[in-house]
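# Survey of secondary and tertiary structure
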Amino acid sequence: MKTKSLVFTLACLLLFTVFAVPAIATSSGCYPPCGPCEECIDGHCVWVCSAGQNCCGGSCCSNICCNGVCCAAGQNCCNGSCCDKVWTKETVAGIAETCGSCNSSTGYCAGMIIDRQGYEKCLNVGVGQGGEHCQCNETMQVVGHIYLCTENWDVSKLLWCAFKCVCCAIQCFGPYADPASCSECLCSTQADCCGDECEVCDFVEECYPNPDALNEIQDLVFTGFGC
Amino acid sequence: MKRLNILVLLSVVLACSFTYAGSENIAIPTEEQVQKLAAAAWKEPIKSIDITFYKDYTKVPEPVEQIRKRAEEFADRELKGRSLDELKPYEIERRNKIIEANFKNWVESQKFPRKVKSRVRISGDNQRIDMVKVGPNEPLGLDTPFVHTFVNTKDANTGDFVSYHYAGDMNTVFVVSTKWAKETIAQFAGIPFATALTLRFFLGIDQGSTPKSLNYIPDPNKMAELAKTGLASIEPIRGAKAKGNKIVNRIGIRPDPNAPDTSDIVEMGDPNHFPTTVLICDRKDYSRVYHTEVHIPTTNKIISIRECGDFDSNGFPHNITEIKYDKDGNFVEKSVYRIIKVELNPSIPAEIFELHPPEGYKVVDQRSKKS
């Protein structure tokens, strides 16, 4: 056994002398030793990557180098890892639109009212500049509710006024027309109805919507993307 | 209130006529019947209520084209004036997904009947509605938790009215600038509100009402006139120069042929287009109304029907159906109520109307953003 072991050791020494020693001698021709992506040629360290490439983890890299890893084409670097997109977040302000679908400033018109809380929306900003997020788990989510904004008709007032000035009411609603606005029922456009007693018809105007518009409860919600 | 409801109300007004041509064979109410009618019209209103109920409702669906247009408009609000051409590819993709998601949800919400479970608590001007809504094929039971809460109350600090919406699907409380619609389920405990008001006008005397405060009390003379002639009238109209100057309402009461021993039919309306309002009432208590229908006087088309049944000992019905039609007689909506539990005039603690968001809820105060 001892004889065999001795023969193996000698063989290894012979191989090292024949192959490894000449190689070490050549490399040591550049001093200090060449850096990554350099080769020692004729005693000089030469940059081996082509124009537009960078050295990444000791290899030439045509794309973004991220923590020593050459990312795939189109990938970005964020938080030390190659990733497909770099996102940042934008805070979307909450909204409350009263009677959003009509242009009245009174708030009396029928239309939608929208309530939405502020939420964070992802923005794809490309290569990260700091403060970005590689992973932006964009998900569809409920971001608001829609209510129907409607007139606050006071039944008792409406009926009483209609009785008190029933001619105007009949002129407007008798044929069950659908007046475009309350003003069509008022004395200003129905003077013939009430003759000289316009104050009676003006009285009806007081019966129209109360200052507080009501929101009829709806179950419609609307969605958006959030981070 | 929707315009349809205005039409219903005004149909009550138009049930009255300026002139009256003559009498036909209408059952003139007896003095006792007039007394019962007045008692129903002036029935003491419910001051507070705590009621839990199911409601199934069906409406004429909104056209899908309109829903899509609405979904697109909502998505485009996010663009803040930018045109579609200016959007990045991922923004276009996101916009399309939002449109589709809303469109799908809103189309889904058009599948009827929608089912609702609500608990309504009203005390004075305070109102709280806890609610959950589901689609036609989704389960809804006593154990189904409420998702939304809508509250109208007064701000403890300012005294101003304030309204909240606890949105359980967003873990958010919205404090809004306008009030939520009043829940009117308590009206089923009596004759329909518009009819009651009409009766007060015809059988009552004005004690200095203003548009802000109505104050009519029963008028023995008018009630006697009704028991004598079958007609009731209100004072001449100030300034009117139409066909006449007196509004006349005919009221007839006769036994219900389907329940001649227990129910009466009360018919009201313009004598020239009689009747426009029909009530089938419990003979002992006219505020217990089993059936109501309102017709448009000029066309006689039915504009609304209300059926009430299973009255409890307090006179509150536990099964209610309401159907509404448009002025041409086309179906508009139907609601079916099943009362789980109702307590009339209970003492309701003020705390339940206060803003106490559940843990983890975000409070979004929208009042300063009122447009």
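Each chain has its residues counted from 1, following the order in which its sequence is written. Throughout, the order in which chains and ligands are written sets their labels, letters from A for the former and numbers from 1 for the latter. In view of the model being predicted, local features appear only for residues whose pLDDT reaches at least 70, and side-chain atom pairs are presented and counted only at 80 or more, with totals across whole chains, interfaces and linings using the full set of residues. Computation of side-chain values: all heavy atoms of the structure, hydrogens and water removed.

### Some thoughts on the pairing of strand β5 (residues 161-167) of chain B
All names here are of chain B. Rules: Relative accessibility thresholds used throughout: buried, under 20% of the residue-type maximum; exposed, over 50%; partly exposed, between the two (1.4 Å probe, protein chains only). Strands are runs of DSSP state E lasting at least 2 residues, helices are runs of H or I lasting at least 4, and numbering of each runs from the N terminus. Strand pairing is defined by DSSP finding a minimum of two bridges between the two strands.
Most of β5 is tucked away: 6 of the 7 residues are buried. Of the pairings in the sheet, the one linking strand β4 (residues 148-154) to β5 comprises 7 bridges and is antiparallel in character. Paired with Phe150 across the bridge in β5 is His165. Counting the residues that bridge the hairpin from β4 to β5 gives 6 residues, and of these Gly159 lies at a positive phi of roughly 80 degrees. As defined by bridge partners, β5 adjoins strand β6 (residues 172-176) across 5 bridges and the pair is classed as antiparallel. When the bridges of β6 are listed, Tyr164 appears paired with Val175. A loop of 4 residues connects β5 with β6, the two strands running antiparallel in sequence, and Asn171 in this loop sits at a positive phi of about 50 degrees.

### Side note on empty space enclosed by the protein
The test is simple: Of the two site types, the cavity is a set of points on a 1 Å grid over the protein atoms alone where a 1.4 Å probe fits but cannot get out, and the pocket is an open set with protein on both sides within 12 Å along at least five of seven lines, each lined by residues with an atom within 4 Å of a point. Grid points are joined across faces, edges and corners, and a volume is the space filled by probe spheres set on the points.
Under the definition given, this model contains 4 cavities of 30 Å³ or more. Its boundaries defined by the atoms lining it, the largest cavity holds a volume of some 80 Å³. Forming the boundary of the largest cavity are Arg116, Tyr119, Val143, Phe222, Thr223 and Gly224 of chain A together with Phe74, Ala75, Arg77, Glu78, Ile98 and Asn102 of chain B.

### Focus on helix α6 (residues 220-229) of chain B
All names here are of chain B. To keep it simple, the criterion reads: When we speak of the arc, we mean the arc of directions from the helix axis to the C-beta atoms. As used in this structure description, the phrase polar contact means that two N or O atoms lie within 3.5 Å; if the pair is within protein, one of them must be able to donate a hydrogen and the other to accept it, and residues adjacent in sequence are counted only when both atoms belong to side chains.
Lys222, Met223, Leu226 and Ala227 are the residues of α6 that are buried. When α6 is viewed along its axis, its buried side chains cluster within an angular range of 140 degrees and face the same direction. Counted as exposed and oriented over 90 degrees from the buried face of α6: Pro220, Asn221 and Lys228. Where α6 starts, the residue carrying a side-chain oxygen 2.9 Å from the main-chain nitrogen of Asn221 turns out to be Asp219.

### With respect to the nonpolar core
Residue and element names in this part refer to chain B. The line we're drawing: By nonpolar core is meant a set of buried Ala, Val, Leu, Ile, Met, Phe, Trp, Tyr and Cys residues that side-chain atoms within 4.5 Å join together. Throughout, a residue-residue contact means that at least one pair of heavy atoms, one from each residue, lies within 4.5 Å.
Judged by nonpolar contacts, the single largest core of 29 residues is most densely connected at Ile51, Phe53, Phe150, Phe174, Ile185, Phe316 and Ile339. Breaking this core down by element, the ones donating at least two residues are β1 (48-59), β2 (114-123), β3 (126-134), β6, β15 (302-311) and β17 (331-344). Excluding its chain neighbours within four sequence positions, the residues that come into contact with Phe316 are Ile49, Ile51, Ile185, Ala186, Ala189, Asp310, Phe311, Ile339, Val342 and Leu344. Ala196, Phe202, Ile253 and Val289 belong to the second-largest nonpolar core, a separate cluster that totals 27 residues.

### Comments concerning the side chain of Ser109 of chain B
All names here are of chain B. For Ser109, the position within the fold is in the loop between α4 (89-108) and β2. Since its relative accessible area comes to 10%, Ser109 is described here as buried. A polar contact is formed between the side chain of Ser109 and the backbone oxygen of Trp106, at a distance of 2.7 Å.

### Observations regarding the environment of Thr195 of chain B
Summarising the element assignment, Thr195 of chain B is placed in helix α5 (residues 193-203). Classification of Thr195 of chain B by relative accessible area gives buried; the value is 3%.

### Quick look at the pairing of strand β13 (residues 277-282) of chain B
Residues and elements named next belong to chain B. A large share of β13 lies buried, amounting to 6 of its 6 residues. Examined bridge by bridge, strand β12 (residues 263-269) and β13 share 6 bridges and lie antiparallel to one another. Looking across to β13, one finds that Ser263 is bridged to Asp282. From the end of β13 to the start of strand β14 (residues 289-295), which pair antiparallel, there are 6 residues.

### Some points on the pattern of salt bridges
Rules: Counted as salt bridges are all cases of a side-chain nitrogen of Lys or Arg within 4 Å of a carboxyl oxygen of Asp or Glu.
Counted under the stated rule, the structure contains 14 salt bridges over all chains. Here Lys121 of chain A ties to Glu90 of chain A by a salt bridge, and the two come within 3.7 Å at their closest N and O atoms. On the criterion of sequence distance, the pair formed by Lys121 of chain A in strand β12 (residues 119-124) and Glu90 of chain A in strand β9 (residues 87-92) is long-range, its members being 31 residues apart. Residue Glu90 of chain A is classed as partly exposed on the basis of its relative accessible area, which comes to 28%. The salt bridge involving Arg70 of chain B is made with Glu62 of chain B; its shortest N-O contact spans 2.7 Å. In this structure, Arg70 of chain B and Glu62 of chain B share a single accessibility class: buried. It is possible to trace a salt-bridge network through shared partners that takes in Arg121, Arg128 and Asp130 of chain B.

### What about the environment of Cys34 of chain A?
All names here are of chain A. Position of Cys34 among the secondary structure elements: in the loop between α1 (2-27) and β1 (38-41). Distance from Cys34 to Trp47, taken between C-alpha atoms, is 9.3 Å for residues 13 residues apart in sequence. Once residues within four sequence positions are removed from consideration, Cys34 is found in contact with Glu39, Cys40 and Cys45.

### Considering the packing of aromatic side chains
Working definition: an aromatic ring pair is given by the centre-to-centre distance plus the angle between the planes. Selection criterion: Pairing of aromatic rings covers Phe, Tyr and the six-membered ring of Trp, with a centre-to-centre limit of 6.5 Å; geometry is then stacked below 30 degrees between planes, edge-to-face above 60, and tilted otherwise. Whether a charge sits over a ring comes down to the Lys NZ or Arg CZ being within 6 Å of the ring centre and within 35 degrees of the ring normal.
Scanning the entire structure with this criterion turns up 9 aromatic pairs over all chains. Taking the centre distance of 5.0 Å and the plane angle of 75 degrees together, the rings of Phe150 of chain B and Trp180 of chain B count as edge-to-face. Of the two residues, Phe150 of chain B is situated in strand β4 and Trp180 of chain B in strand β7 (residues 179-180); the sequence distance between them amounts to 30 residues. Grouping aromatic residues by their ring pairs yields a cluster made of Tyr147 of chain A together with Phe150 and Trp180 of chain B. In this structure, Lys55 of chain B is placed above the aromatic ring of Tyr57 of chain B, and the distance from its NZ or CZ to the ring centre is 5.7 Å. The positively charged end of Arg68 of chain B is found above the aromatic ring belonging to Phe103 of chain B, 4.0 Å away from the centroid.

In short, the description is geometric, and any link to function would need to be established separately.
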